[in-house]
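Commentary on secondary and tertiary structure
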Amino acid sequence: MYQVGINHEEDSLEHPPSSAAGGRQESTDTVGKEGQSGQTLQERRKRKLPSKYPLLNISRNLVLAYQSLGVVYGDLSTSPLYVYRSIFDGKLQDYQTPEAIFGAFSLIFWTITLIPLLKYVFFVLSADDNGEGGSFALYSLLCRHAKFSLLPNQQAADEELSAYRYGYSGQSTSCLQLKRFLEKHKKSRTVLLIIVLLGACMVIGDGVLTPAMSVISSMSGIKAAAEHLSHDGVLFLSCIILVGLFALQHSGTHRVGFLFAPIVLIWLISIMIIGLYNTVVWNPKVVAALSPYYIIKFFRETGKDGWISLGGVLLSVAGTEAMYADLGHFSAFSMRITFAFVVYPCLVIQYMGQAAFLSKNIDSLPNSFYSSIPDKVYWPVFVIATLAAIVGSQSIITATFSIVKQCNALGCFPRVKIVHTSKHKGQIYVPEINWILMILTLVVAIGFQDTTLIGNAYGLACMTVMFITTFLMTLVIIFVWQRNIVFATSFLLFFWFIEGFYLSSAVIKAPQGGWVSLLFSLVLLAVMLVWHYGTRKKYKYDLHNKVPLKWLLGLGPSLGIVRVPGIGLIYSELVTGVPPIFSHFVTNLPAFHNVLVFVCVKSVPVPHVSSDERFLIGRVGPRAYHMYRCIVRYGYKDAQQDDGNFEDLLIQSLAEFIQMEAVEPQLSSSESPSLDGRMAVISTRTLQSSSPLIISDEDFVTCSSIQSSKSQTLQSLRSSYEDENPEVRRRRVRFNLAENPGMDPEVRDELLDLVQAKEAGVAYIMGHSYVKARRSSSFWKKLAVDVGYTFLRKNCRGTAVALNIPHISLIEVGMIYYV
């Protein structure tokens, strides 16, 4: 199976490709009906069955529901540790009455019911991007249904990916005018990206605040039982637990989930039983507070002070965003049943029990949770609470790793090391981010030493993320679900009205600790915007200074230089044309390899790209030039790393394309408006069966470009490299041309040249650029490019390291970009 499409000059920054819902561009042709529909019928059934008919996979969903307890709901489940204490701290100390406590419980109940249950369970979890969740999933959906994308090197051929048009399609007249208005104004795309990045920064800020908040709150139980223990001792123990928590992250989400799930389950059952006990024993009348009438009484009595206390109430739903952010690890149905039938009733009963106890024991408000525990089960519950607090931190740390990975794929975050801890694509570990989070968490814990101040910052970050999610969800309802604008506006106004009260209360407390989340998010947002700005400027320079193909092809098959044996892989971000590093290289060293392949590794706005659709192969110029183009496409949650067989897959794909080109004349049609010709998606499933090359394995040798060279000097160099680097040895693949009497002679000669070039060795050519602002640039541009972007480039992982390119095969071409 393959698809064919013209590779037009569509990588302009100001004119992104047309959306899937907005109409197909004429520059994309497709072989077969599968590409036009965006998905085969079998693939649609495979994706839709689990969510549409959940009973068919009930056992699988129950297992996922169990695992989600340890990864997703730990933070939300541990909120009873500190909510009542946070509500009645500050100015509400003058309103510590049974009626105010009943009103606080009523606020907590309706907050949990309206935001996590109604908004997230019934609406937000339905807006998945091929099973993935989070702010970037919403952004990805919007970019595929409207021209909002700022990814620079997109093509019309990307719209033929099977995952690209998953979900809803078609055009609604009710939203057409709004869509055209937003697409017409270029700044709207930038504003949308800033909003998405701000939400991502707030979630990462939660990754700093949540562990400190949860662990210190749980450890406060020691001080309540052992009065001789000082506050500094409690803080010291909390810091030890925090260090251990971050040290465990390299084990991976899968192991942590199985380890932590029973802890959360036991914790939820325990607090539910304690809540029932307190309700029956202390004040059964608290059940009446389920009525919203008690909310009215609460604000009538407390007034402005009650509004300010909403910052403590919103802590009861802190961690709700993890339900959506970690959706890719589980399924929407499994997370729905877990929350609706386990988490929600347990939390409601626990909060009810605490309210019943506090209504008869007002003096226990400073340590409300631990005071409400019966003495006989105090220490077992304390141990479980401490373990549950550690679990509560795990969900947001996992979400932080995922967000950093997605920001990196969108070109909005410096390159960092990403370790995949299991075969599951979503389970990753980012060492640099993990240790930075640990240091910042310890600084927050030691600096504040007060959960009330940490809670103010924590609540502001959580509610900002929810506020942004509501806005993005409204756009999804309009542009993706194609629902009526009146319905979308009602959704926006209803939840913004509720969340606006909480957000305004949290903003008021910015001087009392909330400034931490604002400061951290703004600094992180500045880093992301500077990196994105510098990356786009660099790409724009490459786009405007690329070598004209007409001039290059006018030099003849030798390109006016010496063509030496071997294959040269020229890496560039361009999907069309010849990058300027090529001309810079041949100008200083007028010799190049016999076979040239322009390689572009790019991200597309889908979570995952199937390995059968990853390689997009095409020809550059006539056959005699031996010039090709390979575009390697990844989703924003895929692992962009070479698993050791990239060269072999590339050679097989090129051979398949050469053979297919002889059968499909439209691939090499001279009527193509682009000298790049057309490109084909080569399926890796058919390579072994239809490849014109015979593949044979040899003993383990080093993965170097000189492994097959006949030069004695290079052979000796290889031997010394093998001795110094024994860990880079892998199985070598040798290609031979299959016997086929019916093969076209020109095709046979080209395949033979390809095999011989592979035997001579493969070299990787990459640009080592220095980006500088022009002298005429403004002060802010010089500050962003010459200081910010340059500092980030020097201190992040190199492109060659990120792509796992063999060091001995790498040739870097230095260039200065004046942007």
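Computed from a prediction, not measured in an experiment: that's the story for all the values here. (Residues numbered from 1 in each chain as written. Predicted model: local features only at pLDDT ≥ 70, side-chain atom pairs only at ≥ 80, totals over all residues. Heavy atoms only, no water.)

1. A look at the overall build of the protein chain
What counts, and what does not: Each helix is a run of DSSP H or I of at least 4 residues and each strand a run of E of at least 2, with the numbering of both proceeding from the N terminus. Exposure is judged per residue with a 1.4 Å probe applied to protein chains only, and the accessible area is read against the type maximum: over 50% gives exposed, under 20% gives buried, and values in between give partly exposed. Each accessible area value is a Shrake-Rupley result obtained with a 1.4 Å probe; residue values ignore everything except the protein chains displayed when judging cover.
Looking only at helices and strands, the protein chain features 30 helices and twelve strands. The burial tally for the protein chain puts 60% of its 819 residues in the buried class. Of the roughly 32800 Å² that the protein chain leaves accessible, carbon and sulfur atoms contribute 62%.

2. Digging into the pairing of strand 7 (residues 627-634)
Taken residue by residue, a regular strand's side chains alternate between the two faces of the sheet. For clarity, the cut-off: Only strands that DSSP links by at least two bridges are regarded as paired with each other.
Strand 7 sits mainly inside the fold: eight of its eight residues count as buried. Covered by surrounding structure in strand 7 are Met 627, Arg 629, Ile 631 and Arg 633 together with Tyr 628, Cys 630, Val 632 and Tyr 634, the residues of both alternating faces. Inspection of the sheet shows strand 5 (residues 591-603) paired to strand 7 by eight bridges, in the parallel sense. Note that in strand 7 the partner of Leu 596 across the bridge is Met 627. Here five bridges tie strand 6 (residues 615-619) to strand 7, and the two strands are oriented antiparallel to one another. Looking at strand 7, one finds that Ile 617 is bridged to Cys 630.

3. Concerning the pattern of salt bridges
Definition in use: Salt bridges are identified by distance alone: a Lys or Arg side-chain nitrogen within 4 Å of an Asp or Glu carboxyl oxygen.
Evaluated as defined, the whole model comprises ten salt bridges. Here Glu 499 ties to Lys 119 by a salt bridge, and the two come within 2.6 Å at their closest N and O atoms. Pair noted here: Glu 499 is in helix 21 (residues 485-508) and Lys 119 is in helix 6 (residues 98-122), with a separation of 380 residues, a long-range link. Since its relative accessible area comes to 0%, Lys 119 is described here as buried. Between Arg 619 and Glu 661 there is a salt bridge; the shortest N-O distance is 2.5 Å. Linking Arg 619 in strand 6 with Glu 661 in helix 25 (residues 646-663), this pair joins segments that are 42 residues apart in sequence. Side by side, Arg 619 and Glu 661 carry an identical accessibility label, which is buried. One connected set of salt bridges, linked through shared partners, spans Arg 619, Arg 623, Glu 661, Glu 746 and Glu 750.

4. Let's talk about helix 18 (residues 378-409)
Rule in force here: In this scheme, a helix's expected span is set at 1.5 Å multiplied by one less than its residue total.
In this model, helix 18 (32 residues) spans 47 Å end to end at C-alpha, consistent with the 46 Å of a helix rising 1.5 Å per residue. The buried count for helix 18 comes to 27 of 32 residues, which makes it a mostly enclosed element. Looking one or two places after helix 18, you find Gly 411, whose phi comes out positive at around 75°.

5. Points about the side chain of Thr 400
Put simply, the test is: We call two residues in contact whenever any of their non-hydrogen atoms come within 4.5 Å of each other.
Within the secondary structure, Thr 400 is located in helix 18. In this structure Thr 400 touches Val 203, Ile 204, Gly 207, Ile 433 and Leu 437, once residues within four positions along its chain are discounted.

6. With respect to the packing of aromatic side chains
Applied cut-off: Stacked, tilted and edge-to-face are the three classes assigned to paired rings of Phe, Tyr and Trp, where Trp is represented by its six-membered ring and a pair needs centres within 6.5 Å; plane angles under 30 degrees give stacked, over 60 edge-to-face, the rest tilted. Ring-over charges, as used throughout, are those where CZ of Arg or NZ of Lys falls within 6 Å of the ring centre and within 35 degrees of the ring normal.
Under the counting rule described, the total for this entry stands at 31 aromatic pairs. Relative to Trp 496, the ring of Phe 471 has its centre 6.2 Å away and its plane inclined at 20°; by these criteria the two rings are stacked. One end of the pair, Phe 471, is in helix 20 (residues 451-479); the other, Trp 496, is in helix 21, and 25 residues separate them in sequence. Since its relative accessible area comes to 25%, Phe 471 is described here as partly exposed. Members of the aromatic cluster, joined through ring pairs, are Trp 267, Phe 369, Tyr 370, Tyr 378, Trp 379 and Phe 382. In this structure, Arg 483 packs its charged tip against the face of Phe 487, placed 4.6 Å from the ring centre.

7. Focus on the nonpolar core
As a rule of thumb, soluble globular proteins bury nonpolar side chains together. This is how it is decided: Remark: nonpolar core denotes a set of buried residues (Ala, Val, Leu, Ile, Met, Phe, Trp, Tyr, Cys) joined through side-chain atoms within 4.5 Å.
With 171 residues, the main nonpolar core has Trp 267 and Phe 339 as its most contacted residues. Ranked by size, the runner-up nonpolar core spans 37 residues in total, among them Phe 615, Ile 617, Cys 630 and Met 660.

8. Regarding a nonpolar patch on the surface
We count it as follows: A residue counts toward a patch only above 30% relative accessible area and without a salt bridge, and it is joined to like-charged neighbours within 9 Å or, for Val, Leu, Ile, Met, Phe, Trp and Tyr, to nonpolar neighbours within 5 Å.
On the surface, Tyr 277, Val 280, Val 281 and Trp 282 cluster together into a nonpolar patch covering about 390 Å² of accessible area. Within the secondary structure, Tyr 277 sits in helix 11 (residues 253-282).

9. What about the packing of helix 20 against helix 21?
As a reminder of what qualifies: Helix axes are fitted to C-alpha atoms over the stretch in contact, other axes to C-alpha atoms as well, and angles between N-to-C directions run from 0 to 180 degrees. Put simply, angles under 35 degrees are roughly parallel, angles over 145 are roughly antiparallel, angles from 65 to 115 are roughly perpendicular, and the rest are oblique. In this classification, Asp, Glu, Lys and Arg are treated as charged, Ala, Val, Leu, Ile, Met, Phe, Trp, Tyr, Cys and Pro as nonpolar, and every other residue, Gly included, as polar.
Closest axis-to-axis distance for the helix 20/helix 21 pair is 9 Å, and the angle between their directions is 170°. Overall, the two elements helix 20 and helix 21 adopt an arrangement that is roughly antiparallel. Taken together, the residues of the contact of helix 20 with helix 21 break down into 19 nonpolar, five polar and one charged.

10. A few points about the pairing of strand 4 (residues 562-571)
With seven of its ten residues buried, strand 4 lies for the most part within the structure. Bridging between strand 4 and strand 5 involves eight bridges; their strand directions are parallel. Note on strand 5: the bridge partner recorded for Leu 569 is Val 597. Bridge count between strand 4 and strand 11 (residues 762-772): four bridges; the pairing is parallel. Looking across to strand 11, one finds that Ile 570 is bridged to Ile 765.

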